[in-house]
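Below, each chain spelled out in residue letters.
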Amino acid sequence: MSLDSIPFLRPSLSAHPLLEATGLSRDYGGGQGCRGVDLRLHQGEVLGIVGESGSGKSTLLRMLAGRESPDRGRVLYHREDGGTLDIHAAREAERRRLARDALGLVHQHPRDGLRMNVSAGANIAERLMSRGERHYGRLRAQALAWMAQVELDPVRIDDLPVTFSGGMQQRLQIARVLVTRPRLVLMDEPTGGLDVSVQARLLDLLRTLVRELGLSVVLVTHDLAVARLLAHRLLVMQHGRVVESGLTDQVLDDPQHAYSQLLVSSVLTP
Ligand SMILES: Nc1ncnc2c1ncn2[C@@H]1O[C@H](COP(=O)(O)OP(=O)(O)OP(=O)(O)O)[C@@H](O)[C@H]1O
C-alpha cells in the first residue's frame, strides 16, 4: 500500500513555525515540573525532547497539547490560514477543534489512546467520523488502508484491540492518530515498554511515515537512539529546564552541557 493511495494533501514546507512556546512553566512544588521552556517547531520537522526520568518531558508535552495549563508562559499554534491560536487562552471549543482537526497525540501506553471496547477499524474511523465523514464504505476503505500502512493485517479489522499485542496496539494507535493527517503530532515515548525487536520495527515505520508524510512532530523520549533516528533537532532537559538544544547530530556527537555529556556517555558506556 503506497501512501499515494491515501487521499490527503502533502504538507507544504513553510518558514513560519507551526508551534511556538515561550517561558512555559509548571511548578508542582519542590522544584518539580517544568521551568521557562522556549521552543519552536517548524513544519516537516521532528523535535526530540530528551532527558532522564522526571526531567519534565511529559509535563512539557501535556502543556503543548493544551491538556495541562502552564503557571506561566504560552503556547502559540500558527494555523494554515495564517491565524494564530494561543492554546491556553483559547476557549474550550477552540481547543477541542484544534485537537480534532490539527493535533494528534500518541500516548506511551496505547490503552490511553485507543478505545479498547471497539474494533480496530472503528478505532481508526472514529477521528474521521468526528470530522463529519459518514460514508461507511469510505470509512472502511480508509481503515483498511491505514492498517496496511502501519503493517497490521487487514483481516483483523473487526477485532478488538485487546486481542492485539503491545506493538500491534501501538501501531493501531498511530494509525488512529494519523488517519486525519494532523498538522502537528505529539508523541510521548512511542516505543517505550516494547521489546527491542518490536521497537526496531516500530521505529522503522515511524521513520518512513515522518519522511513520506512530512510530519511535524514533537517527540518525547528518554532513548537517545530513538532521538538519533527520528529527530532533526533536540532539546535536552534536566530538572525541568532546557539545558542544551541544537541539531541532533551536533548535540549527540559533541554535547556542550555537562548534563548532555553525561547522558550521551551513559549510553556509550556498557
Ligand atoms: N500531576 C503532577 N503532580 C505532581 N508532580 C508531578 C505531576 N506530574 C509530574 N510531576 C513531577 O514533575 C516532574 C517531571 O515529571 P514528568 O513526568 O514531566 O517527567 P518526565 O521527564 O516525562 O519523566 P518520565 O520519563 O519518567 O516520564 C517529576 O518530578 C514528577 O514527579
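Structural data are supplied above this passage.
Values in this document were obtained by computation on a predicted structure and should not be read as measured data. (Residues numbered from 1 in each chain as written. Predicted model: local features only at pLDDT ≥ 70, side-chain atom pairs only at ≥ 80, totals over all residues. Heavy atoms only, no water.)

Trainee: Explain the sheet that holds strand 6 (residues 103-106) here, please?
Mentor: Strands in a sheet are paired, the pairing made by backbone hydrogen bonds, and the direction either parallel or antiparallel. One open sheet holds the six strands; their spatial order is 6-7-8-3-9-10, and the pairing between them is mixed. Edge positions in the open sheet fall to strand 6 and strand 10 (241-247), since each of these has one partner strand only. Averaged over all neighbouring strand pairs, the angle between strand axes comes to 15 degrees, with direction disregarded. Here four bridges tie strand 6 to strand 7 (residues 184-188), and the two strands are oriented parallel to one another. Bridging from a neighbouring strand, Leu103 pairs with Leu184 of strand 7. Each of strand 3 (46-50), strand 6, strand 7, strand 8 (216-220) and strand 9 (233-238) touches helix 1 (residues 57-64); the most contacted strand, strand 7, lies at about 155 degrees to it. (Pairing = 2+ DSSP bridges. Helix = DSSP H or I, 4+ residues; strand = E, 2+ residues; numbered from the N terminus. Axes fitted to C-alpha atoms, helices over the stretch in contact; angles between N-to-C directions. Contact = heavy atoms within 4.5 Å.)

Trainee: Would you mind showing me how to read the pattern of salt bridges here?
Mentor: Close approach of charged atoms allows side chains of opposite charge to pair. This model, assessed by the stated rule, comprises 18 salt bridges. Close ionic contact of Arg131 with Asp101 constitutes a salt bridge, the shortest N to O distance being 3.6 Å. Here Asp101 lies in helix 2 (residues 92-101) and Arg131 lies in the loop between helix 4 (120-130) and helix 5 (136-149), a separation of 30 residues in the sequence. Given the relative accessible area of 27%, Asp101 is considered partly exposed. Notably, a salt bridge pairs Asp253 with Arg228, separated by 3.0 Å at the nearest N-O pair. With Asp253 in helix 9 (residues 248-253) and Arg228 in helix 8 (residues 224-230), this pair connects stretches of sequence that are 25 residues apart. Residue Arg228 is classed as partly exposed on the basis of its relative accessible area, which comes to 38%. Taken together, the salt bridges that share partners define one network made up of Arg26, Arg62, Glu68 and Asp71. (Salt bridge = Lys/Arg side-chain N within 4 Å of Asp/Glu carboxyl O. Buried < 20%, exposed > 50% of the residue type's maximum accessible area, 1.4 Å probe, protein only.)

Trainee: Hey, could you run me through the site of the ligand in this one?
Mentor: As a matter of local geometry, the ligand sits amid Tyr28, Gln32, Gly33, Glu52, Ser53, Gly54, Ser55, Gly56, Lys57, Ser58, Thr59 and Arg62. Gly54 is positioned such that a nitrogen or oxygen atom in its backbone is 2.8 Å from an oxygen atom of the ligand. Ser55 places a polar main-chain atom, nitrogen or oxygen, 3.1 Å from an oxygen atom of the ligand. The protein chains hide 61% of the 630 Å² of surface that the ligand would expose on its own. Broken down by element, the shell around the ligand gets its largest block of residues, four residues, from helix 1. (Near = heavy atom within 4 Å. Polar contact = N/O pair within 3.5 Å; in protein donor to acceptor, adjacent residues only side chain to side chain. Areas by Shrake-Rupley, 256 points an atom, 1.4 Å probe, with all protein chains shown as cover.)

Trainee: Which parts of the structure should I look at to understand unusual backbone geometry?
Mentor: Residues other than glycine predominantly adopt negative phi, and peptide bonds predominantly adopt the trans conformation. Even without being glycine, Glu151 reaches a positive phi, approximately 60 degrees. Residue position: Glu151 is located in the loop between helix 5 and helix 6 (166-178). Notably, Glu189 is not glycine yet its phi reads approximately 45 degrees, a positive angle. Along the chain, Glu189 turns up in the loop between strand 7 and helix 7 (196-213). Classification of Glu189 by relative accessible area gives buried; the value is 9%.

Trainee: What is the right way to read the environment of Leu234 from this model?
Mentor: Among the structural elements, Leu234 can be located in strand 9. Sequence separation of Leu234 and Leu103 is 131 residues, and the distance between their C-alpha atoms is 21 Å. In contact with Leu234, not counting residues within four places along its chain, are Leu47, Gly48, Val50, Ala227, Glu244, Ser245, Gly246, Thr248, Val251 and Leu252.

Trainee: What am I meant to see in helix 4 here?
Mentor: Each turn of an α-helix holds 3.6 residues, which means side chains three or four residues apart point in the same direction. Listing the buried residues of helix 4 in full gives Ala120, Gly121, Asn123, Ile124, Ala125, Arg127 and Leu128. Immediately beyond the C-terminal end of helix 4, within one or two residues, lies Gly132, with a positive phi of roughly 105 degrees.

Keep in mind that these numbers describe shape and distance, not what the molecule does.
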